[in-house]
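Here is what each chain is made of, one letter per residue.
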Amino acid sequence: MLKRLRPCAQMKRLDDISLTYLQEHGIRGLLIDVDNTLTEDNRLEVDSWAQQYLHKIQAAGIKVCLLSNNNSERVRPLTEQLGCKALAKAGKPSKNAYGKALSLLGLNRKEAAAVGDQLFTDVLGANRAGVWSILVEPISPKEIMIVRIKRPLEWLVCKWNHIEMSRTK
Ligand SMILES: [Mg+2]
């Protein structure tokens with residue numbers, strides 16, 4: 001179980017995942033968590049840093065699908081801004097969520113990476129689905145109650161797995 005909660009890679013923020021990194025790992029598509037990975041919780045606009053990053057990687061041929069447990073009303077404005085695919089109410093950490101997102105992109109699990117800020121949804125789900133998992137730090141310390149409850153548990157898992165996560169402390 002603890003192994004399943006260990007990310008394949010760790011970055012500080014989404015835009016630290018460079019094109020070179022993606023190319024070196026044979027990654028042709030990114031499955032990106034929304035809340036606190038792409039934007040602050042429930043924010044309906046994408047910050048310019050994230051917009052620039054996503055436009056850059058999409059222009060370079062990387063396919064993007066937002067993968068969120070939040071609803072489609074929350075996710076749709078972001079896909080319109082970014083011109084990418086999305087799967088809302090995904091049900092992470094279910095493996096099915098990743099299968100559906102991969103088929104939206106027309107990729108197999110070895111050709112994609114999943115990015116997110118939570119161990120128990122994003123990392124666990126990606127690892128279960130056999131997708132390369134990248135853990136990023138949450139954008140903002142302001143989080144919904146259910147996530148706040150999970151953070152101390154994540155901290156314990158991080159400690160056990162020797163993962164450095166400044167904002168989960
Ligand atoms: Mg999140």
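Note that the coordinates shown come from a computational prediction; the quantities given were computed from them, not determined experimentally. (Residues numbered from 1 in each chain as written. Predicted model: local features only at pLDDT ≥ 70, side-chain atom pairs only at ≥ 80, totals over all residues.)

(A) Focus on the pairing of strand β6 (residues 132–135). Side-chain alternation along β6 places Trp132 and Ile134 on one buried face and Ser133 and Leu135 on a second face that is also buried. Pairing geometry for strand β1 (residues 9–10) and β6, over 2 bridges, is parallel. Bridge pairing in β6 links Ala9 to Ile134. Looking at chain direction, strand β5 (residues 112–116) and β6 are connected through 4 bridges and run parallel. Within the sheet, the bridge partner assigned to Ala113 lies in β6 and is Trp132. Between the parallel pair β5 and β6, the chain is carried across by helix α5 (residues 119–129), and the sense of this crossover is right-handed. (Buried ≥ 20, exposed ≤ 12 C-beta atoms within 10 Å, placed from the backbone. Helix = DSSP H or I, 4+ residues; strand = E, 2+ residues; numbered from the N terminus. Pairing = 2+ DSSP bridges. Right-handed = clockwise from strand over helix to strand, strands pointing away.)

(B) Examining unusual backbone geometry more closely. For the peptide bond that leads from Lys92 to Pro93, omega is 15°, which places it in the cis range. The residue Pro93 is located in the loop between β4 (85–87) and α4 (95–105) in this model.

(C) Spatial organisation of helix α6 (residues 145–160). Along its 16 residues, α6 runs 24 Å from first to last C-alpha, staying within 8% of the 22 Å computed at 1.5 Å per residue. A bend of about 30° at Arg151 is the largest found in α6, and the proline Pro152 appears one to four places after it. The complete set of buried residues in α6 reads Arg151, Glu154 and Cys158. Those residues of α6 that are buried lie in contact with α5. Backbone geometry just downstream of α6 places His162 in the positive-phi region, at approximately 60°. (Expected span 1.5 Å × (residues − 1). Bend = angle between axes of the 7 residues up to and from the residue. Contact = placed C-beta atoms within 7 Å.)

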